Each structure stands twice: as structure tokens, then as C-alpha cells.
Amino acid sequence: MVKTSFILRGVEFRNRVLVASGTFGYGNETTSLLDASKIGGIMTKSLSWKPRDGNPPGRIVETTGGMLNSIGLANIGVHQFIDEKLPQLRNLDTKIVANIAASSVDEYADVLTLLEDQEGVVAYEINVSCPNVKEGGLNFGTSCPKTAELTRRLRPLTNRPLIIKLTPNVTHVSEFARAVADEGADAVSLINTLIGMAVDIRTRKPRLSTVTGGLSGPAIKPVALAKVYEVAQAVKIPVFGIGGIATAEDAIEFLLVGATAVQIGTMNFVDASISGKIAEGMAEYAERSNVPDLGSLVGALDANVGFSVLQSWL
Amino acid sequence: MTASPLLCSAVVRSLHETGDNIWSLILHAPLIAAHARPGQFVNVRVADSLVPLLRRPFSISRINGAELAILFNIVGPGTRLLADKRPGDIVDILGPLGRPFVIDDAYDTALIVAGGLGVAPFPFLELELHRLNKPIVSFVGARTASGLSVEGLENVREATDDGTAGRKGTVVELVAEYLDAEKPKRPKLFACGPTPMLKALREFAVNRRLLCELSLEGAMACGIGICQGCPVQRTGEGKKYALVCTDGPTFRAEEIVLS
């Protein structure tokens, strides 16, 4: 039996595959499609203090090997989440991580404090990286001092793991990772989407109602790998690797460059059962490769060899 | 209560072009066929690759035992790949999805209103309406005669923009004329088609206080309410948007705002 689990601030996750925030609803929509006991955890849809309507239609566009979205953090708000969704989520045999998005430091703190009293939430992921809202999101995520200040404010409010979700839309994401690690964050997760755009040449209008949006999917995997590698070199805290993962092999690549675990995002839309298959595939890879613990692959990249000429590209 | 969506490997039974660029794909998908209701859709993975990435949603056009049919036009890379399918090919489909038409409320005559490929959900609906012994009149519009698809519809009245078949004009004008001439008791409209047509029909139905359900299209990634990519504006208080995939695709005319 391959060991697949990992521990974050005392919380044990059964394996290293979680589903990314905003790509799995609140976790209760897919019970006919995915057996939750196959995955390490669910990052909930971003929760804010009050419900948010989200952006007008023109929210998604398919791109080559990926998609643009501009959902705008549409969510039911933390109160309704606690009343209606969390009781159902507690019945799922996996770990629930509450993802929080807000437009002020106070709002982040209020949402987290409210969730502190709730059983069934094992950790927090703080979204400072949504590119599709005017207030909050990237306002925090692209300012290193603001991101650090937010972490400093939230850290004393909880003993649960605190994960900061970072944006790649900055010059050096590792500076942000270092700053939040210094403020006591338990982990970072990256990458959130890359800012992107698409144009309808018949109408000469942008294809998203907010003009630009967030690019995700297999198309962004190479960028995500490079960012995760950069961050894993810079900090000692665990890194959740996110960005275009579609197969177990993709996930192993993220582990090798330094991710402790991965999150599956856009591919959930294509196949809501895929995260379970990826977790199984990773265990099979370890079995085949005589790796008794997937943890031993984390950061095991052999960076001294210039490149792998044996990799088939045909 | 509708059935939970299932991921199924459907087997292609046949593919044929029934009109000018109107394709009918018949799939063997017993579990989905057994649970589907008129107005629901399937989300189809057109190829086992990452380009194109997302599934494509199609109305369930008809059910015959363990088989279901979808109708499509070739309009982009996804539908082009779908038109390459051959009998025996496996297609990964997710369904049945969405809220079906309501067929058991208070009306005496069912008026089917379809524009272009908007005929897709109606052969299935008419079959079920038959079982309820509802009189049916089908109003079908298209730009030109070759765009009309009336297979599986009964009591058909046609309209074309260019007058090459049926009445020259819109299908909404056709419906208005019928209502004024025949004055059917307690009619209910079931409509699907391009947004400008649905918008006109919505206004007509709301003004005349007619029972009317509209089946909408929307760009969507998942089809099951998790991507939140397919909002449509709601009327009234509360939430500003509904989702086409899970709150629809069928909506009562007065429930939504079309822009």
C-alpha cells in the first residue's frame, strides 16, 4: 500500500488531491458523480459575508486548451452556507476547507470568525487573488504589504490551518509566499487564474462582460508549474499546486517541483469525477515506481540534469 | 424531482443530415434515456482530448427505448467533431440535466413555438403531451425553407423570413394570428429558439397573460451548477441571476429578463 496522506497543522488529508475553490460548487452538487472518499478534500466556493450576485452574462469563454471566466465570486454568503450547505457537507467523507473572499480585512476576519464556531470546516483558504471583482481580490493579492497585513490579522483568529491562495499576476509570486509564511500562514496555494481576454471580431466586443477574466485549464499548466517551482524554492511551508491539472501524470509533475498536494480546477467542469481518478492514478504511479510514500516525491525534481531527452513527444 | 445526472459512455447508433446543416445524432444511452424528461439536455464531450476542452450542451430531441437523439448545426470545432462520429463510436455524455418543461399544469391546448434549431426539444415533448391527450399545434420558423425541421411534430404551421415556405414573417406573428383567429381555450406556449425570437415571444406572452415556458441556451462549462457560467437575469426580488443549467433551461416567461 502506497502512503498517500499528508498532514497540515495537525489535520490529516487522506491523499494529495483536492478540488479547487469555485470549480466544485459547495460540494453537494456532484454527489452522484464523485465519491468524496476518493479525494483529500474540497475547497468550497469562495464565501463572502453577504451573498454576491456575480457578474452579468458573458461569464465564460472557451479558449485553446482552456477557458476564461468572469464569475465575480457569485456565492450565497457565509450565513446561508452555514445553514444550508455545511450540514450536507459534514456527511461527505472528505475534508472541507472553507475558501474566503472579501473586500476588506475586517470582512475576511468576520467570515473566518463565524466559521470558527462551525464543526466540519477543517481549514481556511484565503482568496486574495480573484481577478474578476472590483473590490478585494487582486486589490490584496497584488500588494505584498496588504497580503502580509491580512495574514497577520487572520493568524491569531484560528488554530486551524490557514492557506493563502496567491495570484500569478505579479512579478515575483515567491515574494508574496515569503511574506505570508513570515506572518504565520501554514501553506500557500497557487496559481489562481491568469488575466486573459477574448474578442468577438464580428461585433468587435470583448467576449466577457468584464472585458478581461481569468484563464484556466490545461493551457496554463506550464506557467503554473514554473510558479509553484519558484515558490517551493523560496519557502519552507507546504505548497498546494494548482493550474491545468488533467491527469495523474500532471499531478506528479507538480509534486516533483515542490507541491505537497494539488488542487483540480477546470477539469471538474469537464468530468466531475476526475479528481478521484487522478488520486488513484497517482497511487498507481507510486506503486509502479516503487515509491512507498507519495510524500517522498515532493520536491524530488532532479534539476541538475538539463533536460530529459527520453521524454517522448511524438 | 428529476434524476441525478450520470456520466455515461454512449454508443453512436446513427448520424444523418436531416436538413440543410441540421444533423441528428442517435445515441444508445439506456440510463439517461430511462430518466430523461422533455426539456432536459445532455452535456456532450465531443472528443477524448483537451482541445476542445469543454462539453457541449444539447437538448434531448427524442427518446426511443434506450436511445436518445440530439439535433445540431455545425457551427464550430466542437460540432464539426460531432459530425465526424460513426456508428459504434463511444461518446461520453452527462445527463439528464436541467429542469424539464412543466406539462401537467392548467391548460387545454399546447402551442409549440420553435425557431431554427429550437425545434430540438419538441419531438420528445409532443410525445409526452400525446400521452396526456393534449391537443397540439406546432409553429415552426426558420430563415429559409431548408432550415425548417418538422420531423416528429404534429399539426405544423410554418413561417420563414424569406417566404420560401409557409407564412413570410416571424413565428411569433404566426402564433399571434392563430390565437386571434382560433381563440383556443386556455393555451400554453412552449418555446425554444434564438434569443430575439424568445424575447419577442416573452413580451407577447407576458402582455397577453399567457402561460408560457421558454427553453434557453447559454454558454456553460459544467451543466450541473458548479461553474456558475450561465447566468440569466431573474425578475422580482432576491437573487439577481438564475443559472440556465440547473434553474433552467426551461423558465416561465415572467420569471426572467432576456437582453
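Anything mentioned here points back to the structure above.
Please read all numbers here as calculations on a predicted model, not as lab measurements.

Turning our eyes to something else, we now look at the overall build of chain B. Each helix and strand in chain B was counted, giving five helices and 17 strands. Its C-alpha atoms give chain B a radius of gyration of 18 Å, near enough to 18 Å, the size a compact globule of 259 residues would have. For chain B, the spread of C-alpha atoms along the principal axes amounts to about 50 × 45 × 35 Å. Within chain B, counting contacts between residues at least 6 apart in sequence, those at least 24 apart form 63% of the total.

With that out of the way, let us pick up the interface of chain B and chain A. Interfaces are often described in size by the accessible area the parts lose on coming together. With 25 residues of chain B at the contact, the number on the chain A side is 28 residues. The set of elements that each furnish at least two residues to the side of chain B that touches chain A consists of strand 1 (6-19) and strand 14 (231-234) of chain B. Across the side of chain B that touches chain A, the residue classes tally to 17 nonpolar, four polar and four charged.

Let us look at the sheet that holds strand 17 (residues 256-257) of chain B. Residues and elements named next belong to chain B. Taken together, three strands build an open sheet; the order of strands is 15-14-17 and the sheet is antiparallel. In the strand order of this sheet, the two ends are held by strand 15 (241-243) and strand 17, each with one partner. Pairing geometry for strand 14 and strand 15, over three bridges, is antiparallel. Counted as the bridge partner of Pro231 is Leu243 from strand 15.

By definition, the strands of a sheet pair up through backbone hydrogen bonds, in either a parallel or an antiparallel sense. Residues and elements named next belong to chain B. The strand order across the open sheet built from seven strands is 11-10-9-8-12-13-16, with neighbouring strands paired in mixed fashion. The open sheet has two edge strands with one neighbour each: strand 11 (167-168) and strand 16 (250-252). The strands touched by helix 4 (residues 171-182) are strand 8 (109-115), strand 9 (136-142), strand 10 (156-160), strand 11 and strand 12 (187-192); relative to strand 9, the strand with the most contacts, the crossing angle is about 150°. Most of the contacts of helix 5 (residues 195-207) go to strand 12, to which it runs at about 165°, and overall it touches strand 8, strand 12 and strand 13 (211-215).

Next up on the list: the pairing of strand 10 (residues 187-190) of chain A. Working note: regular strand, side chains alternate between the two faces of the sheet. Residue and element names in this part refer to chain A. A two-sided burial pattern is seen for strand 10, the buried positions comprising Ala187 and Ser189 on one face and Val188 and Leu190 on the other. As paired strands, strand 9 (residues 162-165) and strand 10 are joined by three bridges and run parallel to one another. The partner of Lys165 across the bridge, within strand 10, is Ser189. Alignment of strand 10 against strand 15 (residues 239-242), held across three bridges, turns out to be parallel. If you follow Val188 over to strand 15, its bridge partner there is Val239.

The next point concerns the packing of helix 4 of chain B against helix 5 of chain B. All names here are of chain B. One can describe the packing of helix 4 onto helix 5 by two numbers: an axis separation of 9 Å at closest approach and a directional angle of 25°. When the axis of helix 4 is compared with that of helix 5, the two are roughly parallel. Counted together, Val171, Val172 and Ala176 of helix 4 and Met197, Ala200, Leu201 and Phe204 of helix 5 form the full contact between these two elements. Counted by class, the contact of helix 4 with helix 5 contains seven nonpolar, no polar and no charged residues.

All names here are of chain A. Within strand 7 (residues 95-100), six of the six residues are buried, which leaves it mostly tucked inside the rest of the structure. With three bridges joining them, strand 4 (residues 41-43) and strand 7 adopt parallel strand pairing. When the sheet's bridge partners are listed, Ile42 is paired in strand 7 with Ile96. As paired strands, strand 7 and strand 8 (residues 121-127) are joined by five bridges and run parallel to one another. From the neighbouring strand, Ala98 faces strand 8, where its bridge partner is Tyr124. For the crossover from strand 7 across helix 2 (residues 105-116) to strand 8, the handedness is right-handed.

This brings us to unusual backbone geometry. Most of the time, phi is negative for any residue but glycine, and the peptide bond is trans. Residues and elements named next belong to chain B. Going from Gly95 to Pro96, the amide bond is cis rather than trans, its omega being -5°. Assignment of secondary structure puts Pro96 in strand 7 (residues 90-97). Residue Pro249 is bonded to the preceding Gly248 through a cis peptide linkage, with omega at 10°. Along the chain, Pro249 falls in the loop between strand 15 and strand 16.

Okay, helix 5 (residues 173-182) of chain A next. Count 3.6 residues to each turn of an α-helix, and residues three or four apart come out pointing the same way. Residues and elements named next belong to chain A. Taken across its ten residues, helix 5 has seven buried, putting it largely inside the fold. Among the residues of helix 5, those classed as buried are Val173, Ser174, Phe176, Ala177, Ala179, Val180 and Ala181. Elements in contact with the buried residues of helix 5: helix 4 (144-154), strand 9, strand 10 and helix 6 (221-234). Residue Gly184 follows helix 5 closely and has a positive phi angle near 100°.

Residues and elements named next belong to chain A. Packing of helix 5 against helix 6 leaves a shortest axis separation of 9 Å and a crossing angle of 40°. The orientation of helix 5 relative to helix 6 falls into the category oblique. When the axes of helix 5 and helix 6 are compared, the crossing they make is right-handed. Of the residues in helix 6, those in contact with Val173, Ser174, Ala177 and Arg178 of helix 5 are Lys227, Glu230, Val231 and Ala234. Along the lines of polarity and charge, the residues of the contact of helix 5 with helix 6 split into four nonpolar, one polar and three charged.

Procedures and definitions
Residues numbered from 1 in each chain as written. Chains lettered and ligands numbered in written order. Predicted model: local features only at pLDDT ≥ 70, side-chain atom pairs only at ≥ 80, totals over all residues. Helix = DSSP H or I, 4+ residues; strand = E, 2+ residues; numbered from the N terminus. Rg over C-alpha atoms; globule rule 2.2 N^0.38 Å. Contact = placed C-beta atoms within 7 Å. Nonpolar A, V, L, I, M, F, W, Y, C, P; charged D, E, K, R; others polar. Pairing = 2+ DSSP bridges. Axes fitted to C-alpha atoms, helices over the stretch in contact; angles between N-to-C directions. Buried ≥ 20, exposed ≤ 12 C-beta atoms within 10 Å, placed from the backbone. Parallel < 35°, antiparallel > 145°, perpendicular 65-115°, else oblique. Right-handed = clockwise from strand over helix to strand, strands pointing away. Left-handed = near helix turned anticlockwise from the far one by under 90°.

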